[in-house]
Structures are given as structure tokens and as C-alpha cells.
Amino acid sequence: NQEDFTFDLTLKNTSILSSLFFPTVQVSPLSRFNGNYNSENQLINFYGFIPTLTLGSNQLQNITVTGESPEEKLILNTTINRLVITDSTELENINLKIISANDSLQTHLTWQNDDFEEYKADLTLNTVFDGFSKSVNQFQNSYIIIKDTLWTFNSDNEIIIDTTSISISRLKVGSLIEEFSIEGNISENPQDSLIVSFDKMSLSYLENIIPASAIQLKGAISGNLLLKDLYNKPIITSNINVAEFVINENYIGNGRLKTAYDIDEKVIKSTGYFGNTNQPMLKFNGSYYPNKKQDNVIITAVFSKAPLNIFEQYTTDYLSNVSGTFNGTVLLNGNISLPQLQGKLKLNEAKFKVDYLNTNYVINDEVIIEPDFFGFNLIKIFDEKGNSAIATGTAFHEAYENFSLDIGLELDNFLVLNTQLTDNDLYYGKANVSGLANISGYADNLIFEMNIKTEKNTRLNIPLSEGTEVYSSDFLTFVKKDQIYQSQQEYQVNLNGIVMNFDLTVTPEAEVRLI
């Protein structure tokens with residue numbers, strides 16, 4: 001029964017197989033595998049190369065796999081040039097080596113990013129098998145370097161795995177200041193628990209997981225998480241303190257989060273705060289019912305002088321200089337997978353600049369939050385001179401998507417333009433208007449309806465191209481009397497998705513200058 005064979009395989013197109021059996025796995029063309037096996041000498045040699053392997057949202061680049069069996073051992077060696085986890089997180093120069101002999105297994109994993117900050121790891125996991133159902137595992141001489149900070153594993157850790165449970169003892173990973181530890185059991189016994197502890201763990205490490213465009217967090221957390229019944233209906237309780245908390249470059253202060261499981265009511269109750277303990281910026285309390293499929297969460301959040309500019313990074317395309325605070329209460333309830341919001345928030349000296357118009361406004365009024373819309377009713381918006389506009393509007397949504405707007409404005413000598421030549425070389429100046437305006441529709445199909453007139457101090461400047469004669473520009477054309485002028489090239493503006501209905505009265509006080 002001697003077996004001796006050689007294989008050489010090149011994959012040209014695996015998209016059909018992937019779509020049928022492994023829709024989240026994609027293997028790039030020209031992946032190659034070759035090797036040989038001899039049963040008499042117990043020899044295995046294996047080589048494989050995959051240019052790109054996609055696993056869900058993760059991508060592995062330039063993968064090389066080799067295998068051999070010298071001296072009654074099996075050695076598998078894998079190198080990966082790059083592992084892309086998110087847009088902002090990746091690992092480079094990865095090497096995974098597995099050596100199997102008799103009843104033991106050694107797994108050695110390293111990586112090293114060629115970055116201006118050092119990201120590196122050298123992990124060794126020794127495994128001893130006790131039959132087919134149990135193994136004892138231990139990290140030895142292992143460390144990770146994250147952003148130039150060295151994290152080491154304690155040497156007396158132990159992880160025991162069998163068919164129904166995992167037992168973790170004395171597993172600690174720490175730097176000079178911070179520490180992370182895991183202790184306890186995971187099993188089918190609902191009374192078994194796992195404790196995850198933190199000591200001065202920096203939140204800045206989250207930037208390797210969460211893109212900065214989503215949220216920026218700083219500070220340090222200390223405390224613990226208690227996990228129970230992970231095999232059936234996981235229960236998580238916590239007691240966590242947050243020190244020097246900063247969100248989107250705004251200092252919040254200290255915070256605390258506590259959760260506890262009520263066995264009789266079968267509910268996880270939570271409470272916490274962020275900011276000054278006497279008058280926190282945010283206080284919250286609530287309940288989560290893990291056994292319920294519907295209406296399983298209710299949380300009440302109370303805001304007090306919370307800074308508005310924590311939202312500025314999400315409006316950088318059109319708003320800047322956001323400042324002010326907000327107060328109010330928001331109720332979150334419904335299903336934890338898609339909760340509903342309801343409440344009211346009072347804006348206090350809410351200031352912002354509309355970049356395209358170069359105009360600054362201030363609001364001291366109330367915003368309404370309902371499960372299916374955000375709105376405001378007869379709020380006053382003041383410009384730089386104290387002139388006002390009255391606004392009423394709603395932004396309806398479908399599960400926080402497909403927003404549709406309906407905003408009405410009543411303008412009274414209101415500043416709607418305050419630009420310089422450096423802001424817009426087509427036209428610039430100041431414009432004050434009075435009248436009515438309405439904006440409605442979806443983002444890709446907006447309707448602007450305006451019935452307005454110009455007021456005093458309206459001065460619009462239209463630069464003409466240097467070196468050209470004053471007979472035409474992109475949107476102004478001068479013609480001789482009794483003579484038809486035919487444009488050689490028609491100027492077109494892309495207004496797809498926008499409908500404009502203007503009734504504009506230009507009064508004698510308005511000035512238009514051609515420069």
C-alpha cells in the first residue's frame with residue numbers, strides 16, 4: 001500500500017466555486033500549489049503561493065506556504081506580506097511557523113510593520129495534547145510592540161481546552177503602565193464565568209480598529225468585565241472607570257460605567273456618567289433584556305452643557321467653527337439591533353460657519369428627536385449683524401437612512417453671502433435678502449423654492465477673465481444693439497438631482513460690479 005505522488009496545481013478562476021460554497025472567500029487567479037508525498041519514508045514537501053486572498057472584509061497579500069516532514073516532525077511555514085484588516089489597520093511581514101512532533105505543537109507567530117512607529121510581535125504558544133480531546137497551552141517568551149510600547153506576557157499563564165470548556169489561568173499582558181488580564185472558565189455550565197480586567201488601558205489603541213473619521217477617543221480605562229453563560233445566552237456585567245476622557249479632541253473628564261445582571265428579572269441594568277461628578281455632561285441608565293426578541297432595550301441619557309463641537313468632524317465638508325453646548329434628555333428604546341430615539345435637545349449659543357457662503361450664524365433653540373425624524377419648529381437663526389431667520393423643518397428617515405428634508409425659512413434682511421475673491425473666483429461679495437425659502441426632497445433630488453428680494457448692503461462682484469474683452473463671460477453676455485450674438489460654446493452647469501424655482505426681486509439698493 002505504498003503511496004508516492006506528486007501534484008502541481010494552478011488556479012485560474014475560482015469565482016464560481018467561491019460564490020457557491022464560500023461566498024466570503026476569494027482566491028486570486030494564478031495561485032499555485034505543488035508538492036509530493038511518499039508514505040514509505042513518511043516524507044511530505046509542499047509549496048503554495050496565493051497573490052491575494054480575501055476573507056470577508058480582510059485581505060491577505062502575497063501568501064507563501066511551505067510544508068516538510070524532517071525527522072518525524074511536520075513543519076508548516078506561512079509568510080504573508082500584508083494583512084489588511086481595516087482602512088487604517090494592517091499587519092506586515094507576517095510569519096507563522098507550526099512545528100508538530102508526537103503529542104506537542106509549537107506555534108510561532110511574528111510580524112513587523114515598516115512604519116514610523118514600531119508595530120511588532122513575537123508570540124510563541126506551546127501546546128501539549130492529552131489524548132484527542134484535551135490540550136494544555138502556554139505562551140512563553142512572548143511580546144507585542146504597539147506604537148513603540150512593549151507589552152509582555154507573564155510566563156506562568158495556562159490555557160486548558162477540552163471538548164466542552166476553556167479554562168484560562170494567570171494570563172496577563174502588560175506594559176510599564178498598563179495591564180490586561182483574563183482569568184476564569186468558559187463552559188456549558190451557566191455558573192462558570194470569565195473575568196477580563198483592565199488597568200490604565202489607553203483608549204488610543206482603538207484608533208487601530210476604529211477609523212479616525214468615525215470617532216477619536218482618548219483616555220484610560222480601569223476595571224473589569226464579567227462574562228457568564230457564553231455557550232447559551234451571554235451575560236456581561238462590568239465596573240469600568242474612564243480617566244481623562246477625550247472625544248474628537250474635546251476634553252470630557254472622567255467617567256464611569258456599571259452594569260449588573262438581575263437574576264430574578266433577567267435583565268442587565270446599566271448606569272454611568274461622563275464629566276464632572278457633581279454636574280456630568282452625560283448621565284445615563286437603562287436596561288437590556290437578553291431573553292427578549294423585541295423591545296429588549298431602554299436607556300435614558302441626560303445631557304448637560306455637552307460640547308457641540310464633538311460633531312464638527314462630521315460636518316467638515318460644509319460647516320466649521322462649530323461651538324456651543326446642548327442640554328436635554330434622549331430616550332433610546334426598542335430593539336438593540338436598531339433602537340429608536342426620542343427626546344428634545346436645547347442648543348445654547350450654537351455657533352457655526354457655512355463655509356461655501358462664508359457666513360456665521362448662531363442658534364439658541366430646541367431640536368426635536370422622534371423615532372422617524374429630527375425636527376425644529378419656529379427656531380430663530382441669527383446672522384453676524386443680529387438679523388434673523390425663522391426656520392421650521394423636519395428630516396424624516398428610514399432606520400437612519402434615506403433622509404428626506406422639508407425645511408422652511410422666513411428671512412428678514414438676512415446675510416446669505418459674505419465671500420471674497422479667494423473664496424470664489426466666479427462671484428463674491430455680500431448679499432442680504434428678505435422673503436421665503438423652502439428646501440425639500442431627498443439628498444439626490446432636492447427642490448429649492450425661493451421668493452426673495454435683495455436688501456441694502458448687497459454688493460455682488462463678478463470678476464472677468466484677465467486679458468479678455470468685455471463682451472462675454474460664462475454667465476453674462478454683452479451684445480451690440482440690433483445684433484444677434486451666437487455663443488461658440490454653451491456654458492452648462494450640472495444640476496442633476498437639484499430643482500430650483502426662484503422668484504428674485506433685485507432692488508435698486510443692490511450693487512453688481514464687473515471687475
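Going by the structure above, here's the rest.
Treat the numbers as computed from the prediction; the structure is a model and nothing was measured.

Asker: Which residues make up the side chain of Ser320, and what values do they have?
Answerer: With respect to the helices and strands, Ser320 occurs in strand 23 (residues 319-335). With relative accessibility at 17%, the residue Ser320 sits in the buried group. When sequence neighbours within four positions are dropped, the list of residues in contact with Ser320 reads Glu312, Phe352, Lys353 and Asp355.

Asker: Can you lay out the nonpolar core for me, pointing to particular residues and giving the numbers?
Answerer: Core analysis: the largest hydrophobic core is formed by 39 residues, its most contacted members being Phe153, Leu171, Ile221, Val242 and Phe245. In contact with Leu171, not counting residues within four places along its chain, are Phe139, Phe153, Asn154, Asn157, Ile159, Phe180, Ser181 and Ile182.

Asker: Describe a nonpolar patch on the surface, with residues and values.
Answerer: A cluster of nonpolar residues, Ile16, Leu17, Leu20, Phe21 and Phe22, forms a patch on the protein surface that exposes about 620 Å² of accessible area. Structurally, Leu17 is set in helix 1 (residues 15-21).

Asker: So what's going on with the packing of aromatic side chains? Which residues, and what values?
Answerer: Tallied over the entire structure, the rule returns 13 aromatic pairs. Relative to Tyr37, the ring of Phe5 lies with its centre 5.8 Å away and its plane at 55 degrees, an arrangement referred to as tilted. In this pair, Phe5 is assigned in strand 1 (residues 4-11) and Tyr37 in strand 3 (residues 31-38), connecting sequence segments 32 residues apart. Taking the relative accessible area as the measure of exposure, Tyr37 reaches 22% and is therefore partly exposed. Ring geometry for Phe180 versus Phe198: centroids 5.8 Å apart, planes at 50 degrees, classification tilted. With a gap of 18 residues between them, Phe180 in strand 15 (residues 179-187) and Phe198 in strand 16 (residues 193-202) connect regions that are remote in the sequence. A relative accessible area of 16% means that Phe198 is categorised as buried.

Asker: Run through unusual backbone geometry, naming residues and quoting values.
Answerer: Most peptide bonds are trans, and most residues other than glycine sit at a negative phi. Here Asn358, not a glycine, exhibits a phi torsion of approximately 60 degrees, which is positive. With respect to the helices and strands, Asn358 occurs in the loop between strand 24 (338-354) and strand 25 (359-363). Assessed through its relative accessible area of 17%, Asn358 is described here as buried. In this structure, Asn413 is a non-glycine residue whose phi angle is positive, near 50 degrees. Checked against the element boundaries, Asn413 lands in strand 29 (residues 401-419).

Asker: So, the side chain of Asn296: which residues are in play, and what are the values?
Answerer: Structurally, the position occupied by Asn296 is in the loop between strand 21 (280-288) and strand 22 (297-307). Judged by relative accessible area, which is 5%, Asn296 ranks as buried. In terms of polar contacts, Asn296 uses its side chain to reach the backbone amide nitrogen of Ile336, at 2.9 Å. Beyond its immediate stretch of four places on either side in the chain, Asn296 contacts Ser287, Tyr288, Tyr289, Gly334, Asn335 and Ile336.

About the criteria used
Residues numbered from 1 in each chain as written. Predicted model: local features only at pLDDT ≥ 70, side-chain atom pairs only at ≥ 80, totals over all residues. Heavy atoms only, no water. Helix = DSSP H or I, 4+ residues; strand = E, 2+ residues; numbered from the N terminus. Buried < 20%, exposed > 50% of the residue type's maximum accessible area, 1.4 Å probe, protein only. Contact = heavy atoms within 4.5 Å. Core = buried A, V, L, I, M, F, W, Y, C linked by side-chain atoms within 4.5 Å. Patch = residues over 30% accessible without salt bridge, like charges linked within 9 Å, V, L, I, M, F, W, Y side chains within 5 Å. Areas by Shrake-Rupley, 256 points an atom, 1.4 Å probe, with all protein chains shown as cover. Salt bridge = Lys/Arg side-chain N within 4 Å of Asp/Glu carboxyl O. Phe/Tyr/Trp six-rings, centres within 6.5 Å; stacked < 30°, edge-to-face > 60°. Polar contact = N/O pair within 3.5 Å; in protein donor to acceptor, adjacent residues only side chain to side chain.

Take it as geometry only, folks, not as evidence of what the structure does.
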